[in-house]
There are 2 protein chains.
Amino acid sequence: MTKITLISSNKIFEGYQKTYSHTSKELSCEMKFSIYLPVAANETKMPVLYWLSGLTCNELNFVQKAGAQKYAAKHGIILVCPDTSPRGIEIAGQDDSWDFGSGAGFYVDAIVDPWSRHYKMFSYITHELIDVINNNFPTIHDRQSIFGHSMGGHGAFICALKNPGLYRSVSAFAPISNPINCPWGVKAFTGYLGENKDEWKSWDSTELVAAYNGPSLELFIDQGKEDNFYTDKQLLPENLVEACRSAQFPVILNMREGYDHSYFFIATFIGEHIDYHARFLK
Amino acid sequence: MTKITLISSNKIFEGYQKTYSHTSKELSCEMKFSIYLPVAANETKMPVLYWLSGLTCNELNFVQKAGAQKYAAKHGIILVCPDTSPRGIEIAGQDDSWDFGSGAGFYVDAIVDPWSRHYKMFSYITHELIDVINNNFPTIHDRQSIFGHSMGGHGAFICALKNPGLYRSVSAFAPISNPINCPWGVKAFTGYLGENKDEWKSWDSTELVAAYNGPSLELFIDQGKEDNFYTDKQLLPENLVEACRSAQFPVILNMREGYDHSYFFIATFIGEHIDYHARFLK
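The shown structure was predicted, so the numbers you read here are calculated from the model rather than taken from an experiment.

**Digging into the overall build of chain A**
Here comes step 1: Of the regular secondary structure elements, chain A holds ten helices and nine strands.
Here comes step 2: Over its C-alpha atoms chain A spans a radius of gyration of 17 Å, differing by no more than 12% from the 19 Å that the globule rule assigns to 282 residues.
Here comes step 3: The principal-axis extent of the C-alpha atoms belonging to chain A is close to 50 × 40 × 35 Å.
Here comes step 4: For chain A, with 282 residues in total, the buried portion stands at 62%.

This is the structure we're talking about:
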C-alpha cells in the first residue's frame, strides 16, 4: 500500500477536508492531493469524483473557492483534487512561464526530454492516483467520475475518452477544448510532445471523440460568455461540439451569459455539476 | 457623493461580486471594499449585511472562501466587506507583526500617536462606509446588519453595542469576545488605546453588554470546539456569555464539535447566519 502523509485536516459540512502528500512513481517526485470525506464515509464506502484544476493552480484552489463540499456531503461522494504538475523537481525552464512547466502539466504524458522524466500527469491521474485513493480511503472501486476547469476540464475529457469505462461521467468548466488549435495548447504540446502533430491529436478531445469506442459517455460543458479566454479563442468549445455532432457523440454545452473564467463562475454552477455526476455514481 | 473606483467585477449566482477603492476621510488613506449585488438589486432597493474579517485578511478572503453569495442572492441582501486596517500608509512598526498594525485594526478608534492619525476603523465602519455604500448603491438606508469573524466578530459586536439601533442584528464566528483579557486584545488595545484600562473597557463587548441601552438586540455566536485559538484562550466566548447572562442580554452560543478557526468552519454555517440576519432585515 502506498504510504500517504497527512498535511492538514479541517472539518467542513460535517465531513473532513484533508490534504496529503505521497511519493509518486509515475512523476518521480513528492506530490500533494486534497480529499473531502463526507461524514458518512466513516461508515460506508462511497463513489469518488476527481477534480482537475487549471493553469497555475495547486491542490487547494478548488478546495477553498468552489464551495463543492456542501454538495459532496449532500450526495455522499468523495472529492479528490490533485496538483496540476510535478513539483519539487529541477528542470531548466520549468518556472519561466505560467502556462508551461510547473502548474501546467496539461494532463498529458510527455515524450520529449527532459519533461518525459517527470511530466506523466495522464498516467498519474488515471492509474497511480486512483490506486492511492482506493488503497487508502473507503471508496467503491468501480464508481468514479471526473471533472475540471480550463486545462483541467480538457484533462478530464482526455482521461475519460482515452480510458473507456474508467469514469462513469465527465464534465468541464470552460475547458481548453481543442488544444492543438489554440496558443496555450500549441505551446504545451510542442514542449511536452514535440513537433509531430499526429502525436498531438491523440491528446486532443476534439480529435478523440470520433474514435471513441466504449460505454455510453456524454461531455457536459459549462462556458461563460464573458470569459476573456473564450473570446481570445483559447477554449474553442464550438470545435469540440462540432466534432461531437459529426461523430454523434453526446454533448451538452451551456453558454452562461455574463460569467467569466473565475472560480466565481465555478462556484455558481458547481452544485449542478455534482448533481449531474451523482446521477451516474449512485 | 464620495467617488468610488471599480477595481473588479465578476458574475456569481446571477449577481455581481465587485471590488472598489475610495479615499477615506476617517482613515486618511485609499481603502478597498468588496460588495455583492444580487441581480434583483438592478430593480429594487435592498438591505445591507456588513462582514468584518479577521486578523491578516483584506476585503477578498470572505468573498473567495465563505460561499456567502449564494445565500445573499437567495434572500436579496447586499453584502459588503471592508478591509481590516488602513492601507498604503507609513507608520513605523505597522508591518512588524500579524496581530497588530496592518491587517489588524481591531475596529477601534486609536487614541495613541502615531496610530490615531489613521487607525479609526470603528468610525470608518459605522459612519463613513455606510455613507459610501448608501450613496452609491441601491440600499434601504435603515436596514442593515453586521457580522464577522474572530477580530471582525468582535468588531461586529462593538459596532452594534456602541451604536444602539444602527444595526438590526449582529452575529459572529469565533469572536475575540473579551479582548481586554486575552493576549491579542491586550497587545492591540495597549498599542491603539494606551495603558488606561478604563479606556479599554469601552471597546470590549463583554464590558459593553451591561451598559447597553437601546432597541432589542441579541448576540449570535458560532464557535468551533477544535479552534486552537479557542483552546489557547484568545477568544473567551464564555466570558461574554456570562456577562450577557448577568445583564439579561440575549445571547446564543453554538459550540460546534470538531470545527476549527478556518473559513471551512465559516463556509459550513454561513448559510445559517445569513438566514438569521434575513429574518431581521426583510
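The rest of the description comes next.
**Description of the pattern of salt bridges**
Here comes step 1: This model, assessed by the stated rule, comprises 16 salt bridges over all chains.
Here comes step 2: Here R87 of chain A and D83 of chain A are joined by a salt bridge, their closest N and O atoms 2.7 Å apart.
Here comes step 3: What makes R87 of chain A partly exposed here is its relative accessible area of 26%.
Here comes step 4: D99 of chain B serves as the salt-bridge partner of K187 of chain B, at 2.7 Å between the closest nitrogen and oxygen. Of this pair, K187 of chain B sits in helix 5 (residues 183-193) while D99 of chain B is found in the loop between strand 5 (78-82) and helix 3 (121-136), placing the two residues 88 residues apart along the sequence.

**Let's talk about the sheet that holds strand 3 (residues 29-37) of chain A**
Residue and element names in this part refer to chain A.
Here comes step 1: The strand order across the open sheet built from nine strands is 1-2-3-5-4-6-7-8-9, with neighbouring strands paired in mixed fashion. Two strands lie at the open edges of the sheet, namely strand 1 (4-12) and strand 9 (251-256), each paired on one side alone. Each adjacent strand pair in this sheet contributes to an overall mean axis angle of 20°, direction not counted.
Here comes step 2: As defined by bridge partners, strand 4 (residues 46-52) adjoins strand 6 (residues 139-149) across six bridges and the pair is classed as parallel. The residue of strand 6 that forms the bridge with M46 is T139.
Here comes step 3: Each of strand 4, strand 6, strand 7 (170-173) and strand 8 (219-224) touches helix 4 (residues 151-161); the most contacted strand, strand 6, lies at about 140° to it.

**Digging into the sheet that holds strand 2 (residues 15-24) of chain B**
All names here are of chain B.
Here comes step 1: Strand order in this open sheet of nine strands is 1-2-3-5-4-6-7-8-9, and the pairing throughout is mixed. The open sheet has two free edges, formed respectively by strand 1 (4-12) and strand 9 (251-256), since each of these has just one partner strand. Taken over all neighbouring pairs, the strand axes of this sheet differ in orientation by 20° on average, direction set aside.
Here comes step 2: Note: strand 4 (residues 46-52) against strand 5, three bridges, orientation parallel. Across the sheet, the residue bridging to L49 is L79, located in strand 5.

**Observations regarding the interface of chain A and chain B**
Here comes step 1: If you look at the interface, chain A gives 23 residues, while chain B gives 23 residues.
Here comes step 2: Summed over both partners, the interface of chain A with chain B buries about 1,900 Å², with 54% contributed by carbon and sulfur atoms.
Here comes step 3: At the junction of chain A with chain B, the criterion picks out zero salt bridges.
Here comes step 4: In this structure, the connection of chain A to chain B is made through ten residue pairs in polar contact (both at pLDDT 80 or more).
Here comes step 5: Of all the secondary-structure elements, those providing two or more residues to the side of chain A that touches chain B are strand 1, strand 2 (15-24), helix 1 (61-65), helix 2 (69-75) and helix 10 (263-281) of chain A.
Here comes step 6: Looking at the side of chain A that touches chain B residue by residue, the classes come out as nine nonpolar, eight polar and six charged.

**Things to note about the pairing of strand 2 of chain B**
All names here are of chain B.
Here comes step 1: Most of strand 2 sits inside the fold, with eight of its ten residues counted as buried.
Here comes step 2: Direction of pairing for strand 1 relative to strand 2: antiparallel, over a ladder of eight bridges. Residue pairing across strands places I12 opposite G15, the latter belonging to strand 2.
Here comes step 3: Once strand 1 ends, the chain turns through two residues before running back antiparallel as strand 2, passing F13 with a positive phi of about 50°.
Here comes step 4: Here nine bridges tie strand 2 to strand 3 (residues 29-37), and the two strands are oriented antiparallel to one another. Looking across to strand 3, one finds that Q17 is bridged to Y36.
Here comes step 5: In sequence, strand 2 turns back onto strand 3 through a hairpin of four residues, with S28 there showing a positive phi of about 55°.

**Points about the layout of surface pockets**
All names here are of chain B.
Here comes step 1: Taken as a whole, the second largest pocket holds about 190 Å³ of empty space.
Here comes step 2: Around the second largest pocket, the lining residues are T2, K3, T5, S21, H22, T23, K25, E30, E128, D131 and V132.
Here comes step 3: Tallied by class, the residues present in the lining of the second largest pocket amount to one nonpolar, five polar and five charged.

**Side note on the relation of the copies chain A and chain B**
Here comes step 1: Rotating chain A by 180° and translating it 0.0 Å along the rotation axis places it on chain B, where the RMSD comes to 0.0 Å. One copy is carried onto the other by what is essentially a two-fold rotation axis. It is K65 of chain A whose C-alpha, among those of chain A, lies nearest the rotation axis, at 2.6 Å.
Here comes step 2: In this assembly, 100% of the residues forming the interface of chain A have copies in chain B that are likewise at the interface, indicating an isologous arrangement.

Rules used in this analysis
- Residues numbered from 1 in each chain as written.
- Chains lettered and ligands numbered in written order.
- Predicted model: local features only at pLDDT ≥ 70, side-chain atom pairs only at ≥ 80, totals over all residues.
- Heavy atoms only, no water.
- Helix = DSSP H or I, 4+ residues; strand = E, 2+ residues; numbered from the N terminus.
- Rg over C-alpha atoms; globule rule 2.2 N^0.38 Å.
- Buried < 20%, exposed > 50% of the residue type's maximum accessible area, 1.4 Å probe, protein only.
- Salt bridge = Lys/Arg side-chain N within 4 Å of Asp/Glu carboxyl O.
- Pairing = 2+ DSSP bridges.
- Axes fitted to C-alpha atoms, helices over the stretch in contact; angles between N-to-C directions.
- Contact = heavy atoms within 4.5 Å.
- Buried area = accessible area lost by both parts, 1.4 Å probe.
- Polar contact = N/O pair within 3.5 Å; in protein donor to acceptor, adjacent residues only side chain to side chain.
- Nonpolar A, V, L, I, M, F, W, Y, C, P; charged D, E, K, R; others polar.
- 1 Å grid on protein atoms, 1.4 Å probe; cavity = no way out; pocket = protein on both sides within 12 Å on 5 of 7 lines; lining within 4 Å.
- Points joined across faces, edges and corners; volume = space filled by probe spheres on them.
- Least-squares fit on C-alpha atoms with pLDDT ≥ 70 in both.

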